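Each chain is listed here by its residues.
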Amino acid sequence: DAEITQSPRHKITETGRQVTLACHQTWNHNNMFWYRQDLGHGLRLIHYSYGVHDTNKGEVSDGYSVSRSNTEDLPLTLESAASSQTSVYFCASSSSGTGGEAFFGQGTRLTVV
Amino acid sequence: GENVEQHPSTLSVQEGDSAVIKCTYSDSASNYFPWYKQELGKRPQLIIDIRSNVGEKKDQRIAVTLNKTAKHFSLHITETQPEDSAVYFCAAPSSGYSTLTFGKGTMLLVSP
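Since the model is a prediction, treat every value here as computed from it, not as a measurement.

**Student:** Would you mind going over the sheet that holds strand S7 (residues 64–66) of chain A in detail, with residue names and values included?
**Tutor:** Residues and elements named next belong to chain A. Spatially, four strands are ordered S1-S3-S8-S7 in an open sheet, and the strand pairing comes out antiparallel. Because the sheet does not close on itself, it has two edges, and the strands there are strand S1 (4–7) and S7. Between one strand axis and the next, the sheet turns through 20° on average, direction left out of account. Taken together, the three bridges between strand S3 (residues 19–25) and strand S8 (residues 76–78) define a ladder with antiparallel strand orientation. Along S8, the bridge assignment pairs Leu-21 with Leu-76.

Dropping the structure here:
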């Protein structure tokens, strides 16, 4: 069965370190997204991609970057981790065009100490 | 970009009662309105969606209504059960594209 997986599930890192969260999907979806979830804020879009070599900034992109070298993967990098980036991160994918279901990964809980 | 407002933030009902969650959106070009359910510690999952060419859609105990003129849509859950307890998110696409903007969520608590 097609799926979308994130790794690691839990991560503790220190302030200032670079961290990369992995996202891999086997749906063959062109669209991939990264959201962060914080209490009181819901799901906020960090970055998104509509295809290989395409990346776009979302609502809360400062301090984050992504790259899309193939259809399956969209890794999220925190350039220099800050305590404000402690959150639960969700990757999602959807098929091309408007109005398609977004499938979410299991989430990564990141703690920056 | 799209702005989605969701109310209420929490909703407590007795088992068997109905629950209604409302969302408003700002972009009149939006044409797809999904609802996601997130159980504690789990990922959000689509439970129902509606497109702008229909006004209402039902799937067993859940239904969604859309008023494009007023730019709002609602989730209705009838005969609520304890397993309906979760956080529910509405969403709308930004500028007609595939990127979804989510509401802040509604925590629904169904008491036995």
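Now that the structure is up, let's keep going.
**Student:** If you had to explain the packing of aromatic side chains to someone new, which residues and values would you point to?
**Tutor:** Residues and elements named next belong to chain B. This structure, assessed with the given rule, holds 15 aromatic pairs over all chains. Taking the centre distance of 4.9 Å and the plane angle of 45° together, the rings of Phe-33 and Phe-73 count as tilted. Here Phe-73 lies in strand S8 (residues 72–77) and Phe-33 lies in strand S4 (residues 32–38), a separation of 40 residues in the sequence. Summarising the aromatic geometry, the rings of Phe-89 and Phe-102 are spaced 6.3 Å apart at their centres and angled 90° between planes, so their arrangement reads as edge-to-face. Of this pair, Phe-89 sits in strand S9 (residues 86–93) while Phe-102 sits in strand S10 (residues 100–102); the two residues are 13 residues apart in sequence, bridging distant segments of the chain.

**Student:** Can you tell me about the interface of chain B and chain A, naming the residues and giving the values?
**Tutor:** Facing 18 residues of chain B, the contacting portion of chain A comprises 24 residues. Summed over both sides, the interface of chain B with chain A buries roughly 1700 Å², with 53% coming from carbon and sulfur. Three residues stand out in chain B for area buried against chain A, namely Arg43(B), Ser98(B) and Thr99(B), and they jointly supply 32% of the buried area on that side. If you look at where chain B meets chain A, you find zero salt bridges. Linking chain B with chain A are five residue pairs in polar contact (both at pLDDT 80 or more). Elements that contribute at least two residues to the side of chain B that touches chain A include exactly S4, strand S5 (45–51) and S10 of chain B. Examining the composition of the side of chain B that touches chain A, we find that three residues originate from one element, S4(B), more than from any other.

**Student:** Tell me what's going on with the state of the cysteines, and back it up with residues and numbers.
**Tutor:** Applying the stated rule across the entire model yields two disulfides over all chains. Put simply, Cys23(A) and Cys91(A) are joined by a disulfide, and their sulfur atoms are 1.8 Å apart. Looking down the S-S bond of the Cys23(A) and Cys91(A) bridge, the torsion is -70°, so its handedness is left-handed. With Cys23(A) in strand S3 and Cys91(A) in strand S9 (residues 87–94), this residue pair connects regions lying 68 residues apart in the sequence. For the pair formed by Cys23(A) and Cys91(A), the shared burial category is buried. One disulfide in the model links Cys23(B) with Cys90(B); its S-S distance is 1.9 Å. A torsion of -95° about the S-S bond marks the disulfide between Cys23(B) and Cys90(B) as left-handed. A residue pair is termed long-range when its members are at least 10 positions apart, and Cys23(B) in strand S3 (residues 19–25) and Cys90(B) in strand S9 qualify at 67 residues. Judged by relative accessible area, which is 0%, Cys90(B) ranks as buried.

**Student:** Would you mind going over the nonpolar core in detail, with residue names and values included?
**Tutor:** In this structure, Phe33(B), Trp35(B), Phe73(B), Leu75(B), Ile77(B), Tyr88(B) and Leu108(B) are the most contacted members of the largest nonpolar core, which totals 23 residues. For this core, the secondary-structure elements that each account for two or more residues are strand S2 (10–14), S3, S4, S5, strand S7 (62–67), S8, S9 and strand S11 (106–111) of chain B. What Leu75(B) contacts, discounting residues up to four positions off in sequence, is Ala19(B), Val20(B), Ile21(B), Trp35(B), Ile47(B), Ile48(B), Ala63(B) and Tyr88(B). By size, the runner-up hydrophobic cluster in this structure holds 18 residues, among which are Leu21(A), Trp34(A), Leu74(A) and Leu110(A).

What counts and what doesn't
Residues numbered from 1 in each chain as written. Chains lettered and ligands numbered in written order. Predicted model: local features only at pLDDT ≥ 70, side-chain atom pairs only at ≥ 80, totals over all residues. Heavy atoms only, no water. Pairing = 2+ DSSP bridges. Helix = DSSP H or I, 4+ residues; strand = E, 2+ residues; numbered from the N terminus. Axes fitted to C-alpha atoms, helices over the stretch in contact; angles between N-to-C directions. Phe/Tyr/Trp six-rings, centres within 6.5 Å; stacked < 30°, edge-to-face > 60°. Contact = heavy atoms within 4.5 Å. Buried area = accessible area lost by both parts, 1.4 Å probe. Salt bridge = Lys/Arg side-chain N within 4 Å of Asp/Glu carboxyl O. Polar contact = N/O pair within 3.5 Å; in protein donor to acceptor, adjacent residues only side chain to side chain. Disulfide = S-S within 2.5 Å. Buried < 20%, exposed > 50% of the residue type's maximum accessible area, 1.4 Å probe, protein only. Core = buried A, V, L, I, M, F, W, Y, C linked by side-chain atoms within 4.5 Å.

Fair warning: the whole summary comes from geometry, so function is off the table for now.
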